[in-house]
Amino acid sequence: KALYDQEVRHMDDELGEMLAALDDLGLTEDTLVIFVADHGESLDEHGIYFEHHGLYDSTLHVPFLVRWPGRVAEGRRLPQMFQTHDIAPTILEACGLAAPPAMDGRSFWKDLTGEQEGGRDKIFSLECTLQAKWSLRTSDYKFILAREPDFYGTPMRELYDLKADPGENHNRVDELPEVAARMEAELEGWISKRLAELGRTEDPLREQGITMKAVMETHRS
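All values derive from a computational prediction rather than experimental measurement.

Q: Go over the overall build of the chain with me, naming the residues and quoting the values.
A: Scanning the chain from terminus to terminus reveals seven helices and six strands. Secondary structure elements in the chain, listed N-terminal to C-terminal, are α-β-α-β-α-α-β-β-β-β-α-α-α. With respect to the three principal axes, the spread of C-alpha positions in the chain is 55 × 40 × 35 Å. Burial status across the chain gives 33% buried among its 221 residues. Summed over all atoms, the accessible surface of the chain reaches about 13,500 Å², with 52% contributed by carbon and sulfur. Computed over 24 positive and 43 negative side-chain charges, the separation of the two mean positions in the chain equals 5 Å.

This is the structure:
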């Protein structure tokens, strides 16, 4: 954990140098700076040690920082949910360009500037490297559905009350069966809809399984 903390500190120092260089060159007000990660990291949460697989927020929730004085107010925070594929159309709108119709994601530039408050009310995710799982996340709950058992021995169905349990430590699938059933039906419905849109019939997690099976076997041994 100390080594990981050192990596974060190193990145923070390097980012500070870059921002200072823009200031020194007089380019700050003409430069949009975005800092984002591609994934989070589980340091020991849920028995996952220094890996970035799984569908818990320790992996899915990533930093997103913006600096553009005069365009984005200092200290502004967005409590809504967004996805990383929303970033590209956001950058295009910030530059006054239209996103191609086929591009995934939708811009949240006006959220950053304070012109509107949008965001997503639900996020669908999947894991196919060391686990075969889908998830549906809202602002209140997360439901995780496994297509096959994982080597951590976690349940096939998980439900977390994110307001009361942001660390996702208490699986409430048996305590809140109606919520779990509703979210599972919505998740399965969304998967079926996307498969139809793509001209597919089989869930790729069932069809192909996990992509790093050899690594999983090494973990087991």
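There's more to say after this.
Q: Go over the pairing of strand E3 (residues 123–127), please, and point to the residues and values.
A: The side chains of a regular strand alternate, first on one face of the sheet and then on the other. Within E3, four of the five residues are buried, leaving the element largely enclosed by the surrounding structure. In terms of strand pairing, E3 meets strand E4 (residues 133–137) through five bridges, oriented antiparallel. The partner of Ser-125 across the bridge, within E4, is Ser-135. Turn length for the E3-E4 hairpin, with the two strands adjacent in sequence and antiparallel, is five residues.

Q: Outline the nonpolar core, supporting the account with residue identities and numerical values.
A: Judged by nonpolar contacts, the single largest core of 18 residues is most densely connected at Tyr-141, Phe-143, Leu-159, Val-179, Met-183 and Leu-187. Looking at this core, the elements that each hand over two or more residues are E4, strand E5 (141–146) and helix H5 (177–197). In terms of residue count, the dominant contributor to this core is H5 (six residues). Residues within four places of Leu-187 in sequence aside, it is in contact with Phe-124, Trp-134, Ser-135, Leu-136, Phe-143 and Leu-145. Listed in part, the seven residues of the second largest apolar core include Trp-68, Val-72, Phe-108 and Trp-109.

Calculation rules
Residues numbered from 1 in each chain as written. Predicted model: local features only at pLDDT ≥ 70, side-chain atom pairs only at ≥ 80, totals over all residues. Heavy atoms only, no water. Helix = DSSP H or I, 4+ residues; strand = E, 2+ residues; numbered from the N terminus. Buried < 20%, exposed > 50% of the residue type's maximum accessible area, 1.4 Å probe, protein only. Areas by Shrake-Rupley, 256 points an atom, 1.4 Å probe, with all protein chains shown as cover. Lys, Arg positive; Asp, Glu negative; His and termini not counted. Charge placed at Lys NZ, Arg CZ, Asp CG, Glu CD. Pairing = 2+ DSSP bridges. Core = buried A, V, L, I, M, F, W, Y, C linked by side-chain atoms within 4.5 Å. Contact = heavy atoms within 4.5 Å.

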